[in-house]
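Examination of the molecular architecture
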Amino acid sequence: MIAHLLVLARWEWFKLRRRWAPWVLLGILLLFTQLVVISSFFINRENYDAAIAEAGYYMEVSIDDELVGMRVMCDDLRDGGVPPEVEAMPEEQRPYVNFELEDARTRCGLGGERDFFVLPASIAQGLGVTHALSIMLFMFLVASALGSEYSWGTLRTVLTKGSGRWQFLGSKAFTLLIMGAAGLLVVSVGVLVSSLIFGSFAPTGGIADQGDWAGVAKTLGKSVYALVPYLALALFFTVLTTSTGVGTALAFGYFVVESIMVGILAAFWDWFDSVAQFVLGTNVSAWMQEEGTAIVSLSPLNVDPPGALHAFFVILAYALIIGAGAFWLFQRKDVTGAKGD
Amino acid sequence: MNSLVIRTDKLTKRFGAVRAVNGLSLEVPRGHIYGLLGPNGSGKTTLMNMLLGLVKPTSGEFSLFDPGSDYLEALRRVGAIIESPTFYPYMSGHANLAYFQGISGKGTPRELDDLLEQVGLAPRRGDAYKTYSLGMKQRLGVAYALMGEPELMFLDEPTNGMDPAGMAEMRNLIKGLSAGGRTVLISSHLLNEVEQVCDSVAILSKGDLIAQGKVTDLVRSKDRVRVRTTDDAKAAGILSALEWVEQVDADDDGMVVTAPVHRSAELTAALSRSQVYVAAMIPIQTSLEQYFLEVTGEEEVAAP
């Protein structure tokens, strides 16, 4: 059975790699992440002040009605560090200098935008900012890969060759997930290459910080896992409607409307916050959230994010339930001729 | 080895209130070219779709090859063209066949080349399917159906949209398919076409099975002879009394007796025993089309 599934998956890849859609969608994702890297690089250059980098940043802060002046050297601010003067301050006085320190970091070329083109943080940041976009493109790919089987009428031709219904859908889902994972890997490699290039031109120098490379692999793995429930969702709606267009629209609709509704309802009723803890979008955002990584998602900000373990199981439950629905429906439904939509 | 390749038992399919196939019990012997006859909407395609697992029966059972055998395995021994052939428009004819060969797990790359050669598509093997003409698409469909040397073939309206030359070519192809013990189930509303290629037929009307059997047997059951005698009125009475005479109709030119042609001698003898003598006896051959019209009560069938 596994061997048969793998054979079907192999031939699914044979088919999908000859289509334009996967390559165009990958191109969009690559282009978007490259734009993020490049624009971050130029913003960083714009913010960088060579004089400050050489002589240090002089700041004056008012602490307990007393004006305190200090010169901060840029090297002290690398890797999120703070100058010795600030480190020596009592904890309660730190907030007074934080704003000035952020400005110092920006002028030293060490602002937050640097993380988008300096390794290894740039990969996690790239995956984070494309999170919502990659999910939407992936859902379109899934709906298109299955919906066109209905519209071309090829599903009939496939099933009469004895491939088996659930086996066919299973192999398609598996292949698409592998393609989604490969797409995210390519995006990561793309960011890595552009980071190597742009990082070498960065005024602050150094193409890689002392960073958490294992964290990058973890973010990539999390991004792939976050695709699974949306794979199930797009499959379900496409099987239900037997159409690429309607399947995509419903999957997108769910993705967008869910977050809007959760945001509105949570704003009106506090108790809804506990319901939101079990909503897919909230959990996917929580699952993707990593310290210091920007996540561009549609999840509402007025909902407390659940914990990672909670999010893991909620995502799994959604994937299993919606996926089972898709397979059940696919197994039962009569397959008619080409629809030509 | 089972002598029946397809067996259905009270197979029924309803689409809402519409009964597309109604309690159909059918037996298709191995090695036959078996025709499913019926006007549009009689349930032919629905029946084929059920047998190929595309449409779920509402009730009843069926088996392909040996009863109780693995259905997916059985499907891998089947070739089919249901309605018009459908392939991936962006892939070439060769890539399409390679894909379907790949998922069926049977055959060699050489077989694909031979099939494309056989259906005359070798020069266009690398062109995208969407650039093919209707005839080329049909031919690719035939190559697909022949792939893996299937023991059973389903052909649903195989000459649809073909010109007369294409139809003749397809007829020859279908006749050739049964060589080597292959069974072919072919559906058509073109009775002339079916009569030319099929050994046995089943006639469907509004989802019901009206008749099934060998074409020659079915047609013979409606054999008729035109008889003129020395006393037609008396002869009609004598012949009507014979139990193997189905019907006697008088007309201006004598009478038409519905009875097996091979019993003509007995018919003559019965009349002469009563001093009625036959002046002329002309066999009237019944075509499958006439038989079909009689059993279904249809007024008109589409011309081939």
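No experiment lies behind these values; they were computed from the predicted model shown.

How each quantity is defined
Residues numbered from 1 in each chain as written. Chains lettered and ligands numbered in written order. Predicted model: local features only at pLDDT ≥ 70, side-chain atom pairs only at ≥ 80, totals over all residues. Heavy atoms only, no water. Helix = DSSP H or I, 4+ residues; strand = E, 2+ residues; numbered from the N terminus. Buried < 20%, exposed > 50% of the residue type's maximum accessible area, 1.4 Å probe, protein only. Contact = heavy atoms within 4.5 Å. Areas by Shrake-Rupley, 256 points an atom, 1.4 Å probe, with all protein chains shown as cover. Lys, Arg positive; Asp, Glu negative; His and termini not counted. Charge placed at Lys NZ, Arg CZ, Asp CG, Glu CD. Pairing = 2+ DSSP bridges. Axes fitted to C-alpha atoms, helices over the stretch in contact; angles between N-to-C directions.

Of regular secondary structure, chain A possesses 15 helices and 2 strands. In terms of principal-axis extent, the alpha carbons of chain A reach across some 80 × 50 × 35 Å. For chain A, buried positions account for 52% of its 341 residues. The long-range share in chain A, meaning contacts at least 24 apart out of those at least 6 apart in sequence, stands at 79%. Element-wise, carbon and sulfur atoms account for 67% of the exposed surface of chain A, whose accessible area totals about 15500 Å². Between the centroid of the 21 positive side chains of chain A and the centroid of its 31 negative side chains there is a distance of 25 Å.

For the rest of this paragraph, the subject is the overall build of chain B. Secondary structure summary: chain B contains 11 helices and 13 strands in total. By its C-alpha atoms, chain B is 75 × 40 × 40 Å across when sized along the principal axes. Counting over 304 residues, chain B shows a buried share of 51%. In chain B, 69% of the contacts between residues at least 6 apart in sequence involve partners at least 24 apart. Summing over all exposed atoms, chain B offers an accessible surface of approximately 13500 Å²; the carbon and sulfur share of this is 48%. Charge centroids of chain B, computed over 30 positive and 38 negative side chains, lie 4 Å from each other.

Here the focus is the sheet that holds strand β4 (residues 59-64) of chain B. Residue and element names in this part refer to chain B. With antiparallel pairing, 3 strands are arranged side by side in an open sheet as β2-β1-β4. The open sheet has two edge strands, β2 (18-29) and β4, and neither has a second partner. Across the sheet, the axes of successive neighbouring strands diverge by a mean angle of 15°, strand direction being ignored. The pairing of strand β1 (residues 4-15) with β4 spans 5 bridges and is antiparallel. Note on β4: the bridge partner recorded for threonine 8 is phenylalanine 62. Where helix α1 (residues 44-51) meets the sheet, it contacts β1, β2 and β4, and its direction lies at approximately 115° from that of β1.

Turning our eyes to something else, we now look at unusual backbone geometry. Residue A:Pro120 follows A:Leu119 across a cis peptide bond; omega there is -5°. Mapped onto the secondary structure, A:Pro120 falls in the loop between α6 (94-107) and α7 (121-129). If you check the backbone angles, B:Lys10 has positive phi at about 50° while not being a glycine. Overall, B:Lys10 belongs to the exposed group, its relative accessible area being 56%. Here B:Gln275, not a glycine, exhibits a phi torsion of approximately 60°, which is positive. Within the secondary structure layout, B:Gln275 lies in the loop between α10 (264-273) and β13 (278-284).

By themselves, these are just geometric observations and shouldn't be taken as functional.
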